[in-house]
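This is what each chain is made of:
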Amino acid sequence: MNWKPITGATVANYRKEHPECYAGRYGKSALANNKLMQVTRTAPTAPMYFWCVDGWDTELFYQARATDSRGRSVTTYHHRPTVVAIVDPFNKYIVGYAIGRHESAALIRQAFRNAFEHVKELFGSYFKPWQVQTDNYGRGHLKCFYEAVGHWYTPAAVKNAKSKIIEPFFNQFNRQWLRLLPNSSGHGVKSRQKLQVSDDWIETHKRDFPDFEGCCRQLVKMIDFDRATKREEYIEPVDRSSRNRSPAALPLKTSCWLLARQLLRVRLGVMACICRWAVIVSSMNVSTRSSAVMGTRLSSSNTIPPTWTG
């Protein structure tokens, strides 16, 4: 066969297009996100159908003072607060949020509490969504909590960021609001250099960065701005459905809300009891072994061990 020889560029193109080569070059996560069959979804047609929850290390710097190993007071300027946000994909409305220094189970529960209180402000009563989607952070001990605050709980697949609409929302929120602030850190540590803030700017203005409380006030203000631009669009379908007696959201009884808050505490309490019982049993086993060894030694020395009476 008089086939023409192929070039290295042709081999490179072949490697990019065929999945059996793509997975070995870029990994199975990239293969699933870029080459395999993708599921196309549409946004919910009404509010309160679907909530997406995720934590985000915001692109805002704040300064903090700490004590180093030598006992000296040192000021650092690279810290960024963490926001756990609950977003409704209907119109990307921030239903609830909580701000902290790092993501935790307590911060997630605080964000849900803020969400339900805000729902009551909007609609006059507590409502829970039909479906809640989260990532896999704390999925083991928070699963009961997630199942209590929604009708359906569907966690996203591991390493599948495309399944969560909240990821591109954070990008849009950063570009629209946070880039306006003087302590903005740019756009992600892995993004292109032209999207980052220059080192000269950070070095010149770092002493003007707010502390943690000041940075939290900035985030609250920007979230209020974003809510204000979408509030009417978010409320209107619920008002229309209530007039037609076909509510789009499920009522959330006070008992259910209290149950959702207490489930995690009960679970942790049971785990603590199990741990204490395990410690007691292990100490009893150690005492039994010690007594057996002591009895063996006493028997071997032809002495009578003491008798314990109750």
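Not measured: the values here are computed from a predicted model.

## As for the sheet that holds strand S5 (residues 93-100)
Part 1 of the argument: On the basis of which strands lie adjacent, the open sheet formed by five strands has the order S5-S4-S1-S7-S8 and mixed pairing. Edge positions in the sheet fall to S5 and strand S8 (152-153), since each has one partner strand and no second.
Part 2 of the argument: When strand S1 (residues 50-57) meets strand S7 (residues 131-133), the two strands line up parallel, connected through three bridges. Looking at the pairing, Trp 51 lines up with Val 132 of S7.
Part 3 of the argument: Sheet contacts for helix H6 (residues 166-176): S1, strand S4 (82-88) and S5; angle to S1, the most-contacted strand, approximately 55 degrees.

## A closer look at the packing of aromatic side chains
Part 1 of the argument: All told, the structure shown has 17 aromatic pairs when counted by the stated rule.
Part 2 of the argument: Taking 4.5 Å as the distance between ring centres and 15 degrees as the angle between the ring planes, the aromatic pair formed by Tyr 93 and Tyr 234 counts as stacked. A residue pair is termed long-range when its members are at least 10 positions apart, and Tyr 93 in strand S5 and Tyr 234 in helix H8 (residues 212-243) qualify at 141 residues.
Part 3 of the argument: Under the relative-accessibility criterion, Tyr 93 is labelled buried at 0%.
Part 4 of the argument: Given the relative accessible area of 0%, Tyr 234 is considered buried.
Part 5 of the argument: Centroid distance Phe 112 to Phe 145: 5.4 Å. Interplanar angle 80 degrees. Geometry classified as edge-to-face. Separated by 33 residues along the polypeptide, Phe 112 in helix H4 (residues 105-123) and Phe 145 in helix H5 (residues 139-149) bring together distant segments of the chain.
Part 6 of the argument: Given a relative accessible area of 0%, Phe 112 falls into the buried group.

## Side note on the pattern of salt bridges
Part 1 of the argument: Considering all chains together, one arrives at six salt bridges under this definition.
Part 2 of the argument: Across the salt bridge formed by Glu 167 and Lys 164, the nearest N and O atoms sit 3.3 Å from each other.
Part 3 of the argument: Taking the relative accessible area as the measure of exposure, Lys 164 reaches 9% and is therefore buried.
Part 4 of the argument: What you see here is one network of salt bridges that share partners, running through Asp 54, Lys 164 and Glu 167.

## Observations regarding empty space enclosed by the protein
Part 1 of the argument: Counting across every chain of the model gives two cavities of 30 Å³ or more.
Part 2 of the argument: In this structure, the largest cavity occupies an estimated 60 Å³ of space.
Part 3 of the argument: Residue lining of the largest cavity: Trp 56, Thr 58, Val 83, Ala 85, Ile 94, Tyr 97, Phe 169, Phe 170, Phe 173, Leu 219 and Ile 223, and that is the complete set.
Part 4 of the argument: Residue assignment for the lining of the largest cavity shows that the elements contributing at least two residues are S4, S5, H6 and H8.
Part 5 of the argument: Per-element accounting of the lining of the largest cavity gives the leading share, three residues, to H6.

## Topic: unusual backbone geometry
Part 1 of the argument: Non-glycine residue Met 48 carries a positive phi angle of around 70 degrees.
Part 2 of the argument: Inspection of the secondary structure puts Met 48 in the loop between helix H3 (28-34) and S1.
Part 3 of the argument: For Met 48, a relative accessible area of 1% corresponds to the buried category.
Part 4 of the argument: One non-glycine residue, Lys 92, lies in the positive phi region at around 60 degrees.
Part 5 of the argument: Locating Lys 92 in the fold gives a position in the loop between S4 and S5.
Part 6 of the argument: Judged by relative accessible area, Lys 92 falls into the partly exposed class, the value being 33%.

Here is what the cut-offs are and how they apply
Residues numbered from 1 in each chain as written. Predicted model: local features only at pLDDT ≥ 70, side-chain atom pairs only at ≥ 80, totals over all residues. Heavy atoms only, no water. Pairing = 2+ DSSP bridges. Helix = DSSP H or I, 4+ residues; strand = E, 2+ residues; numbered from the N terminus. Contact = heavy atoms within 4.5 Å. Axes fitted to C-alpha atoms, helices over the stretch in contact; angles between N-to-C directions. Phe/Tyr/Trp six-rings, centres within 6.5 Å; stacked < 30°, edge-to-face > 60°. Buried < 20%, exposed > 50% of the residue type's maximum accessible area, 1.4 Å probe, protein only. Salt bridge = Lys/Arg side-chain N within 4 Å of Asp/Glu carboxyl O. 1 Å grid on protein atoms, 1.4 Å probe; cavity = no way out; pocket = protein on both sides within 12 Å on 5 of 7 lines; lining within 4 Å. Points joined across faces, edges and corners; volume = space filled by probe spheres on them.

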